[in-house]
Amino acid sequence: MSDYKSINECVDQIKKDGYMPVKRFEKPVFKETKGDPEPVRQDIIFEAVKVEE
């Protein structure tokens, strides 16, 4: 679970920390119920690079 209420809030924190997001990945998370996979949520992962000042 995330500490952020929105994706924009997360991106703002990344920028505040001196990084620039360059890629965004969305990874589905499944739970198995009765032998069938059921989507539960999506994890969003950012790749970022340090901004040189």
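No experiment lies behind these values; they were computed from the predicted model shown.

Draft legend 1. Main features of the environment of arginine 24. Within the element layout of this structure, arginine 24 appears in strand β1 (residues 19–33). Judged by its relative accessible area of 42%, arginine 24 is partly exposed. Along the backbone, arginine 24 and aspartate 36 are twelve residues apart, and their C-alpha atoms lie at a distance of 28 Å. Setting aside anything within four residues of it in sequence, one finds arginine 24 in contact with Ile7, Ile44, Ile45 and Phe46. Among the polar contacts made by the side chain of arginine 24, one reaches the side chain of glutamate 26 at a distance of 2.6 Å.

Draft legend 2. Quick peek at the confidence of the model for the protein. The predicted model of the protein averages 92 in pLDDT, with 96% of residues at 70 or higher. In the model of the protein, helix α1 (residues 7–16) stands out as the element of lowest mean pLDDT, 94, in contrast to β1, which has the highest, 96.

Draft legend 3. Examining the pattern of salt bridges more closely. Overall, the coordinates contain two salt bridges when judged by the stated rule. Note that glutamate 26 and arginine 24 form a salt bridge whose closest N and O atoms lie 2.6 Å from each other. A salt bridge links arginine 41 to aspartate 43, with the nearest nitrogen and oxygen atoms 3.2 Å apart. A relative accessible area of 41% means that arginine 41 is categorised as partly exposed. A relative accessible area of 26% means that aspartate 43 is categorised as partly exposed.

Draft legend 4. How the structure looks around a nonpolar patch on the surface. The grouping of Met20, Val22, Val49 and Val51 at the surface amounts to a nonpolar patch, some 310 Å² of accessible area in total. Mapped onto the elements of the fold, methionine 20 is located in strand β1. By relative accessible area, methionine 20 is classed as partly exposed at 38%.

Here is what the cut-offs are and how they apply
- Residue numbers restart at each chain and count upward from 1, following the sequence in its written direction.
- For a predicted model such as this one, the threshold for reporting local features is a pLDDT of at least 70, and the threshold for listing and counting side-chain atom pairs is 80 or more; totals across whole chains, interfaces and linings nevertheless cover every residue.
- In computing side-chain values, all of the structure's heavy atoms are included and hydrogens and water are not.
- Working definition: helices are DSSP H or I runs of at least four residues, strands are E runs of at least two. Numbering for both runs from the N terminus.
- Buried, partly exposed and exposed residues are distinguished by accessible area as a fraction of the type maximum, computed with a 1.4 Å probe on protein chains only: under 20%, between the cut-offs, and over 50%, respectively.
- Only heavy atoms matter for contacts: two residues are in contact if any of them lie within 4.5 Å across the pair.
- Here a polar contact means two N or O atoms within 3.5 Å. Within protein one must be a hydrogen donor candidate and the other an acceptor candidate, and residues neighboring in sequence count only if both atoms are side-chain atoms.
- pLDDT measures how confident the predictor is about each residue, on a scale from 0 to 100.
- Salt bridge criterion: a side-chain nitrogen from Lys or Arg within 4 Å of a carboxyl oxygen from Asp or Glu.
- Exposure above 30% relative accessible area and no salt bridge define the residues that can form patches, which grow by joining like charges within 9 Å and nonpolar side chains of Val, Leu, Ile, Met, Phe, Trp and Tyr within 5 Å.
- In short, Shrake-Rupley with a 1.4 Å probe defines the accessible areas, and a residue's cover is counted only from the protein chains shown.

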